[in-house]
Amino acid sequence: AIMTDYVALAGEAVTVWHCNVVRLAVNQDYWFGCSNPRGTPNLAAYRAMIQAVADFCSQNGVYLDLDLHWSGTAAAASAPCGSGWGSATAQQVMPDINAVTFWSSVAQQYANNPAVLFDLFNEPFTNSWSLWQAGGSATWRMVSGGVTTLVPYAVAGMQPLLNAVRSTGA
């Protein structure tokens, strides 16, 4: 598998564009090594890559925005790589229930790094404030071979994600 040199990309953003925030889109399944559909590096390599970018940002006075970009479609919460994991292959309407476990782990890892920001979910969209805040049920629209299937999944909600981060002391 080919791994992009994200530290070099962050370095270019800082030195050429003079940015002070680097946004890194992350995948909750890859964080735990639950799936490898596109030749993505294993858990240790994935976490090492994120750590390298975090270290670079810390050493250069730049913030790192860890953005949960790819969440799954779990019907119920489970331990990492259990039922419902391995489904973070697309952008969802809202984060699934396993995102709580993801953020607990990530926040514990970076709780003491003031350069790391936790972007709980990339562009959540729903017309229901209660779903956005507290979670509930959403539907993922899966299209395969021209056929659309609606797949319900359990949504974490932003407050439970925030609580997961804060419970680590981050």
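The shown structure was predicted, so the numbers you read here are calculated from the model rather than taken from an experiment.

1. Re the overall build of the chain
Part 1: Each helix and strand in the chain was counted, giving six helices and five strands.
Part 2: Relative to the compact-globule value of 15 Å for 170 residues, the chain shows a C-alpha radius of gyration of 16 Å, a close match.
Part 3: Judged by the C-alpha coordinates and their principal axes, the chain covers about 45 × 35 × 30 Å.
Part 4: Taking the intrachain contacts of the chain between residues at least 6 apart in sequence as the baseline, contacts between residues at least 24 apart amount to 67%.
Part 5: For the chain, the accessible surface area stands at approximately 8600 Å², while carbon and sulfur atoms represent 55% of it.
Part 6: Looking at charge distribution, the chain has the averaged site of its 5 positive side-chain charges lying 8 Å from that of its 9 negative ones.

2. Brief notes about the side chain of Asp96
Part 1: Its place among the elements puts Asp96 in the loop between β2 (63-70) and α4 (99-110).
Part 2: At 3.3 Å, the side chain of Asp96 and the backbone nitrogen of Thr73 are in polar contact.
Part 3: Those residues in contact with Asp96 that sit more than four places away from it in its chain are Gln28, Ser71, Gly72, Thr73, Ala74, Gly84, Tyr153, Ala154, Val155 and Ala156.

3. Re helix α3 (residues 43-59)
Part 1: The end-to-end C-alpha distance of α3, which contains 17 residues, comes to 24 Å, matching closely the 24 Å that a straight helix rising 1.5 Å per residue would cover.
Part 2: All of the buried residues along α3 are Tyr46, Met49, Ile50, Val53, Ala54, Phe56 and Cys57. Here the buried residues of α3 occupy an arc of 160° about the axis, which is enough to place them on one side. In α3, the exposed positions that point more than 90 degrees away from the buried face belong to Ala44 and Gln59.
Part 3: Next to the buried residues of α3 lie α1 (6-15), β1 (21-27), α2 (28-32), β2, α4 and β3 (116-119).
Part 4: Downstream of α3 by one or two residues, Gly61 has phi in the positive range, about 65°.

4. Brief notes about the state of the cysteines
Part 1: For the coordinates displayed, the defined rule picks out one disulfide.
Part 2: For Cys34, the disulfide goes to Cys81, at an S-S distance of 2.2 Å. Here the S-S torsion is close to -90°, and the disulfide linking Cys34 with Cys81 is therefore left-handed. Residue Cys34 is found in the loop between α2 and α3, and its partner Cys81 is found in the loop between β2 and α4; the two are separated by 47 residues along the sequence.
Part 3: We classify Cys34 as buried; its relative accessible area is 18%.
Part 4: Cys19 takes part in no disulfide bond, and the closest cysteine sulfur to it belongs to Cys57, at a distance of 7.7 Å.

5. Details of the pattern of salt bridges
Part 1: For the structure on display, the rule yields one salt bridge.
Part 2: Here Asp67 makes a salt bridge to Arg23, at a shortest N to O gap of 2.9 Å. Here the residue Asp67 occupies a position in strand β2, and Arg23 occupies one in strand β1, the gap between them amounting to 44 residues.
Part 3: The exposure class assigned to Asp67 is buried, which follows from its relative accessible area of 0%.

6. Regarding the environment of Ala138
Part 1: Positionally, Ala138 belongs in strand β4 (residues 136-144).
Part 2: As a C-alpha pair, Ala138 and Val155 span 17 residues in sequence and 6.3 Å in three-dimensional space.

How each quantity is defined
Residues numbered from 1 in each chain as written. Predicted model: local features only at pLDDT ≥ 70, side-chain atom pairs only at ≥ 80, totals over all residues. Heavy atoms only, no water. Helix = DSSP H or I, 4+ residues; strand = E, 2+ residues; numbered from the N terminus. Rg over C-alpha atoms; globule rule 2.2 N^0.38 Å. Contact = heavy atoms within 4.5 Å. Areas by Shrake-Rupley, 256 points an atom, 1.4 Å probe, with all protein chains shown as cover. Lys, Arg positive; Asp, Glu negative; His and termini not counted. Charge placed at Lys NZ, Arg CZ, Asp CG, Glu CD. Polar contact = N/O pair within 3.5 Å; in protein donor to acceptor, adjacent residues only side chain to side chain. Expected span 1.5 Å × (residues − 1). Buried < 20%, exposed > 50% of the residue type's maximum accessible area, 1.4 Å probe, protein only. Arc of directions from axis to C-beta. Disulfide = S-S within 2.5 Å. Salt bridge = Lys/Arg side-chain N within 4 Å of Asp/Glu carboxyl O.

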